[in-house]
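Chain residues, written in single-letter form:
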2 protein chains.
Amino acid sequence: MKAPDIEAFFADRRALDAAAYLELDYVFECGGDPRVAAAHLCSEQSTAQWQRVGVDEDYRPRHAAKIIAFRSEPISALSLPVPGAPAGPLHRVQVTIAHPHGNFGPRIPNLLSAVMGEGVYHVPGVPVIRLEDLRFPEAYLAAFPGPQFGVEGLRELLGAYDRPIFLGVVKPNIGLAPAPFAAIAEEAWLGGLDIAKDDEMLADIDWSPLDERARLMGEARARAAAATGERKLYMANVTDEVSQLCALHDVAVARGAGALLVNSLPVGLSGLRMLREHARVPLFAHFPMLAALTRVPGYGVHSRVLTKLQRLCGADAVIMPGFGERMMVPEAEVMANVRACLEPMGTLKPALPVPGGSDSADTLPRVYATIGTRDFGFVCGRGIFGHAEGPRGGAASVRAAWTRLATQDAARDMERPVKD
Amino acid sequence: MKAPDIEAFFADRRALDAAAYLELDYVFECGGDPRVAAAHLCSEQSTAQWQRVGVDEDYRPRHAAKIIAFRSEPISALSLPVPGAPAGPLHRVQVTIAHPHGNFGPRIPNLLSAVMGEGVYHVPGVPVIRLEDLRFPEAYLAAFPGPQFGVEGLRELLGAYDRPIFLGVVKPNIGLAPAPFAAIAEEAWLGGLDIAKDDEMLADIDWSPLDERARLMGEARARAAAATGERKLYMANVTDEVSQLCALHDVAVARGAGALLVNSLPVGLSGLRMLREHARVPLFAHFPMLAALTRVPGYGVHSRVLTKLQRLCGADAVIMPGFGERMMVPEAEVMANVRACLEPMGTLKPALPVPGGSDSADTLPRVYATIGTRDFGFVCGRGIFGHAEGPRGGAASVRAAWTRLATQDAARDMERPVKD
């Protein structure tokens with residue numbers, strides 16, 4: 001590109017109609033002039049060729065993505081051993097791009113193709129790039145459903161207020177037939193669990209057909225609710241081909257599921273959105289494939305982007321890789337995802353953040369202290385279903401751990417001098 | 001895990017029923033005992049907890065993923081700056097895992113959740129891991145449709161045999177109204193293009209509704225076919241919410257599209273499979289998001305896995321990042337993807353490989369020499385629609401470049417001594 005062409009991809013944010021643009025934050029490493037690289041990033045993700053040969057026209061004013069914030073610093077080497085090491089001096093660059101959503105409209109696959117597509121990862125001289133965040137104008141958000149129930153709706157379904165929601169993944173997750181599966185789930189419900197859920201790997205499969213599993217789980221749930229006087233939910237995993245999602249919703253809900261689990265990246269975020277339009281119960285999104293896109297620093301996409309998109313598509317709760325060494329996610333990143341669930345986002349309801357991974361009664365204090373709010377889901381697998389005292393003892397241990405924390409909170413509130 | 005538990009995740013391939021297992025090749029970097037890490041990788045992606053507390057049972061013989069090939073070597077440091085640097089001595093490990101597909105069945109989202117899910121990227125002590133390849137038994141492949149047309153079907157539709165298929169991405173890709181869009185496509189068809197295609201970013205949008213675009217493109221296609229005596233195709237991009245895919249297929253095909261483009265990762269591979277079951281025309285899969293999963297060596301997934309899955313789901317052609325510095329993909333990786341399209345895969349038809357990226361008449365000789373077969377698609381964007389002589393001249397330049405190559409081939413064949 002020549003100098004005037006490069007400048008055509010830079011704009012003053014104040015000169016743009018904010019309602020017409022998404023804001024995208026990228027960090028990238030490039031060779032050569034970093035402003036040229038930034039202009040190419042805009043060009044490739046929008047008007048790659050902005051005029052016909054021999055025609056005096058220019059599609060950039062209306063359709064080009066435009067740099068509205070730019071900062072670069074020299075670096076001595078790329079941070080990753082990627083192919084395509086570029087020529088020229090190296091820079092690390094932070095940009096914010098205003099991308100006109102009128103190029104593609106409020107469609108998830110087309111949004112993904114624009115902000116995470118060929119025009120992002122195949123920009124000349126830019127082998128290392130990460131989409132760090134994206135922000136939507138209200139006009140764009142308004143086209144999406146967002147959560148149907150959200151945090152408050154989930155609390156009402158469970159009658160569980162002012163505390164975390166306690167979930168358990170029934171284990172053994174693979175191979176266990178519906179009858180013993182429901183039997184141990186019932187034990188966990190009796191011990192204090194709110195929601196017994198299918199593992200994200202558990203499908204509608206011959207050794208555990210969803211129809212039978214949901215029926216037995218529904219019956220067990222009803223018994224446990226009657227015995228404890230607490231409302232309970234069974235969350236059925238309907239992850240399957242997108243052509244089957246709505247039918248599986250109908251089967252699972254008719255038989256006894258009060259919530260559904262869907263692996264949103266394997267199914268596709270658009271499949272989640274489709275299910276949301278059909279669903280009569282809360283949807284919990286689970287995170288397979290997420291780490292493949294998000295773990296390597298400086299590359300791919302920050303997980304908060306995917307959290308926002310799941311909320312946009314209608315996830316009432318977002319199960320995400322949580323705290324602790326095991327999940328290999330920095331605490332700040334988990335917290336960014338928690339905030340992406342709860343922070344204001346147009347008129348979309350908040351989604352319940354459910355950071356998970358090898359949790360148990362032992363980890364609850366740290367998780368609660370870190371999150372700093374009671375609006376979260378706490379999910380255990382082996383922490384309940386592998387507990388030495390069995391699932392009932394496991395679930396009771398988690399509830400007891402919460403009671404201790406709530407008591408400490410209350411004591412602290414009592415000691416605090418009253419201010420007016 | 002204790003020693004006998006670890007050994008339960010290792011097996012002799014000859015002792016397994018090959019028809020019941022997928023074979024997965026992973027390379028990973030780990031801390032601690034590499035055999036323990038490999039056992040955890042198997043456990044986490046299958047029977048994470050293989051028995052109920054206090055019950056004498058074991059779901060591993062039938063349901064566990066099992067290591068059937070293992071090789072490790074010490075390394076001094078992880079190859080990537082990922083979080084979760086593990087304790088203990090570091091190793092780089094290559095394993096082949098036999099994963100029982102009866103755990104989830106022939107469902108793409110559940111397959112992805114197993115082989116690229118939490119049980120792969122969140123294995124204790126394994127922060128760096130890549131799914132290098134996967135192989136399916138014929139019993140599993142038989143449940144999938146694969147390409148409806150494949151290479152031979154595409155050739156028959158076009159009447160184009162014994163040469164590459166020539167495609168052009170109509171540009172300007174964003175902003176151009178349907179009438180001028182069709183006018184320049186017609187020029188390119190007249191110049192020798194086989195297939196004029198929508199850009200992967202072009203949607204069904206107010207400034208270019210698919211209905212009108214497909215109608216005008218269909219008319220232009222018919223005129224160009226009559227004028228040249230060659231069959232021509234318009235490939236319409238139907239990338240949109242999965243709930244709209246089949247309806248957009250119907251509109252596009254009814255108006256004049258003879259092939260469809262779908263961004264398979266943004267839509268979801270399962271959406272591609274759904275469209276395949278509905279489609280009456282060839283489907284071309286495009287690659288947005290692919291590099292986010294595949295570029296970093298040693299991490300994520302090798303692109304050939306995604307090529308195989310696109311073929312499995314029914315892509316008649318796989319547009320992939322191609323040759324040359326621009327696309328930042330090593331030549332060996334492009335070739336692995338070309339082979340994944342064309343090599344035997346049960347009874348599935350071959351898919352046409354379409355390696356693309358900044359190609360033009362100038363790059364055709366190198367691409368053809370590298371691929372070494374005429375079974376490929378050659379796609380130009382600015383190489384045709386930004387050509388100094390306009391789209392007709394651009395398309396003609398590509399066909400002329402092919403004529404030169406074919407003439408050279410023929411001359412070489414003439415010079416070669418006849419063997420019998």
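It should be emphasised that the depicted structure is a prediction, and the values quoted were computed from it without experimental measurement.

Reading the values: rules and limits
Residues numbered from 1 in each chain as written. Chains lettered and ligands numbered in written order. Predicted model: local features only at pLDDT ≥ 70, side-chain atom pairs only at ≥ 80, totals over all residues. Heavy atoms only, no water. Helix = DSSP H or I, 4+ residues; strand = E, 2+ residues; numbered from the N terminus. Rg over C-alpha atoms; globule rule 2.2 N^0.38 Å. Buried < 20%, exposed > 50% of the residue type's maximum accessible area, 1.4 Å probe, protein only. Contact = heavy atoms within 4.5 Å. Pairing = 2+ DSSP bridges. Expected span 1.5 Å × (residues − 1). Least-squares fit on C-alpha atoms with pLDDT ≥ 70 in both. Phe/Tyr/Trp six-rings, centres within 6.5 Å; stacked < 30°, edge-to-face > 60°. Lys NZ or Arg CZ within 6 Å of the ring centre and 35° of its normal. Salt bridge = Lys/Arg side-chain N within 4 Å of Asp/Glu carboxyl O. Axes fitted to C-alpha atoms, helices over the stretch in contact; angles between N-to-C directions. Parallel < 35°, antiparallel > 145°, perpendicular 65-115°, else oblique. Nonpolar A, V, L, I, M, F, W, Y, C, P; charged D, E, K, R; others polar. Domains from an automatic or database assignment. Buried area = accessible area lost by both parts, 1.4 Å probe. Polar contact = N/O pair within 3.5 Å; in protein donor to acceptor, adjacent residues only side chain to side chain.

Colleague: For this particular structure, what's the right way to read the overall build of chain A?
Modeller: Of regular secondary structure, chain A possesses 18 helices and 13 strands. In terms of overall size, chain A behaves like a compact globule, its C-alpha atoms giving a radius of gyration of 24 Å where 420 residues would be expected to give roughly 22 Å. Looking at the 420 residues of chain A, the share that counts as buried comes to 66%. Contacts spanning at least 24 positions in sequence make up 77% of the contacts within chain A whose residues lie at least 6 apart.

Colleague: When you look at the pairing of strand β4 (residues 128-135) of chain B in this model, what are you seeing that I'm missing?
Modeller: Looking along a regular strand, one sees the side chains alternate between the two faces of the sheet. Residue and element names in this part refer to chain B. Across the 8 residues that make up β4, a large majority, 7, are buried. Bridge analysis of strand β1 (residues 21-31) against β4 gives 7 bridges, and the strand direction is antiparallel. Bridge assignment links Asp 25 to a residue of β4, and that residue is Asp 133. Bridge analysis of β4 against strand β10 (residues 300-301) gives 2 bridges, and the strand direction is parallel. Residue pairing in the sheet places Leu 131 in a bridge with Val 301 of β10.

Colleague: What should I look at first to understand helix α15 (residues 331-342) of chain B in this one?
Modeller: Helical geometry: 3.6 residues make up each α-helical turn, so side chains three or four residues apart lie on a common side. Residue and element names in this part refer to chain B. The end-to-end C-alpha distance of α15 is 17 Å, a good match for the 16 Å that 12 residues give at a rise of 1.5 Å each. Taken as a whole, α15 has its buried residues at Glu 333, Val 334, Met 335, Ala 336, Asn 337, Val 338, Ala 340 and Cys 341. Summarising the contacts, the buried residues of α15 are in contact with β4, α13 (290-294), α14 (303-313), β11 (317-321), β12 (352-356) and α16 (364-371).

Colleague: So what exactly am I meant to see when it comes to the relation of the copies chain A and chain B here?
Modeller: Two copies of a chain can be linked by a rotation about an axis combined with a shift along that same axis. Aligned on chain B, chain A shows an RMSD of 0.0 Å; the corresponding rotation is 180° and the shift along the axis is 0.0 Å. Put plainly, the chains are arranged around a two-fold axis. Closest approach to the rotation axis among the C-alpha atoms of chain A is made by A:Gly268, whose C-alpha sits 2.3 Å away. The fraction of interface residues of chain A whose copies in chain B are also interface residues reaches 100%, indicating that both copies meet through the same surface.

Colleague: Got a minute to help me understand the packing of aromatic side chains in this structure?
Modeller: For any pair of aromatic rings, geometry is given as the distance between the ring centres together with the angle between the planes. For the structure shown, the criterion picks out 16 aromatic pairs over all chains. Ring geometry for A:Phe136 versus A:Tyr140: centroids 5.8 Å apart, planes at 5°, classification stacked. A single burial state applies to A:Phe136 and to A:Tyr140, both of which are buried. Considering the side-chain rings of B:Phe9 and B:Trp50, the 5.7 Å spacing of their centres and the 70° angle between planes classify their relative orientation as edge-to-face. Of this pair, B:Phe9 sits in the loop between α1 (3-7) and β1 while B:Trp50 sits in the loop between α2 (34-44) and α3 (60-63), and the two are 41 residues apart along the sequence. Feature note: the residues A:Phe136, A:Tyr140 and A:Phe144 constitute an aromatic cluster, connected by ring pairs. Above the plane of the ring of A:Phe70 lies A:Arg35, whose end atom (NZ or CZ) is 5.7 Å from the centre. For the cation-ring pair, B:Arg35 lies above B:Phe10, with the distance from its terminal atom to the ring centre recorded as 3.9 Å.

Colleague: How do you make sense of the pattern of salt bridges when you look at a structure like this?
Modeller: Two side chains with opposite charge may pair up if their charged atoms get near one another. Going through the model one piece at a time under the given rule, you end up with 62 salt bridges over all chains. Between A:Arg163 and A:Asp194 there is a salt bridge, with the nearest N and O atoms lying 2.8 Å from each other. Of this pair, A:Arg163 sits in the loop between α7 (150-158) and β5 (165-169) while A:Asp194 is found in the loop between α8 (178-191) and β6 (195-197), placing the two residues 31 residues apart along the sequence. Looking at A:Arg163, the relative accessible area reads 11%, which means it is buried. Since its relative accessible area comes to 1%, A:Asp194 is described here as buried. Close ionic contact of B:Arg366 with B:Glu331 constitutes a salt bridge, the shortest N to O distance being 3.5 Å. Of this pair, B:Arg366 sits in helix α16 while B:Glu331 sits in helix α15, placing them 35 residues apart in sequence.

Colleague: Could you clarify how one ought to interpret the environment of B:His101 in this entry?
Modeller: All names here are of chain B. The residue His 101 is located in the loop between β3 (90-100) and α4 (108-115) in this model. The class for His 101 is buried, based on a relative accessible area of 14%. For His 101 and Leu 111, which are 10 residues apart along the polypeptide, the C-alpha to C-alpha distance reads 8.0 Å. If near-sequence neighbours (up to four positions away) are discounted, His 101 is found in contact with Ala 19, Ala 20, Tyr 21, Leu 22, Pro 137 and Tyr 140.

Colleague: For this particular structure, what's the right way to read the sheet that holds strand β4 (residues 128-135) of chain A?
Modeller: The strands making up a sheet associate through backbone hydrogen bonding, with each pair oriented either parallel or antiparallel. Residues and elements named next belong to chain A. The 5 strands are arranged β2-β3-β1-β4-β10 in an open sheet whose pairing can be described as mixed. With partners counted over all chains shown, the strands left at the sheet margins are β2 (66-75) and β10 (300-301), one partner each. By the bridge criterion, 9 bridges tie β2 to strand β3 (residues 90-100) in an arrangement that is antiparallel. Note that in β3 the partner of Arg 71 across the bridge is Gln 94. Contacting β1 (21-31), β3 and β4, helix α4 (residues 108-115) runs over the sheet at an angle of about 35° to β1. Against the sheet, helix α14 (residues 303-313) contacts β4 and β10, and its axis sits at roughly 40° relative to β4.

Colleague: What should I look at first to understand the packing of helix α12 (residues 269-278) of chain A against α14(A) in this one?
Modeller: Helix packing for two helices is described by the angle between their axes and how far apart those axes are. All names here are of chain A. Where α12 contacts α14, the axes come no closer than 8 Å and their chain directions differ by 25°. Of the possible angle classes, the one that applies to α12 and α14 is roughly parallel. Residue-level inspection shows Leu 269, Leu 272, Arg 273 and Arg 276 of α12 in contact with α14, the latter providing Leu 309, Gln 310 and Cys 313. When the residues that make up the contact of α12 with α14 are grouped by side-chain class, the tally is 4 nonpolar, 1 polar and 2 charged.

Colleague: For this particular structure, what's the right way to read the domain arrangement of chain A?
Modeller: How big an interface is tends to be stated in terms of the accessible area lost upon association of its parts. Residue and element names in this part refer to chain A. Domain boundaries in chain A define domain 1 (3-141) and domain 2 (150-415). Each partner contributes to the interface: domain 1 provides 22 residues, whereas domain 2 provides 22 residues. Between domain 1 and domain 2, the buried area comes to about 1900 Å², and carbon and sulfur atoms account for 65% of it. Ranking the residues of domain 1 by area buried against domain 2 places Ile 108, Arg 130 and Leu 141 at the top, with a combined share of 34%. There are 3 salt bridges connecting domain 1 and domain 2. A salt bridge links Glu 132 to Arg 304; the shortest N-O distance between them is 3.5 Å.

Colleague: Quick question: what am I supposed to make of the interface of chain A and chain B here?
Modeller: With 93 residues of chain A at the contact, the number on the chain B side is 93 residues. The junction of chain A with chain B conceals about 7900 Å² of combined surface from both sides, 60% of it contributed by carbon and sulfur atoms. On the chain A side of the contact with chain B, A:Gln49, A:His122 and A:Met201 bury the most area, a combined 9% of that side's loss. Remark: the boundary between chain A and chain B carries 8 salt bridges. In this structure, the salt-bridge partner of B:Arg382 is A:Glu44, at a minimum N-O distance of 3.2 Å. In this structure, the connection of chain A to chain B is made through 40 residue pairs in polar contact (both at pLDDT 80 or more). Secondary-structure elements contributing two or more residues to the side of chain A that touches chain B are α3 (60-63), α4, α5 (118-121), α8, α11 (264-267), α12, α13 (290-294) and α17 (382-385) of chain A. It is α4(A) that provides the largest number of residues to the side of chain A that touches chain B, a total of 6 residues. A per-class count over the side of chain A that touches chain B returns 48 nonpolar, 28 polar and 17 charged.

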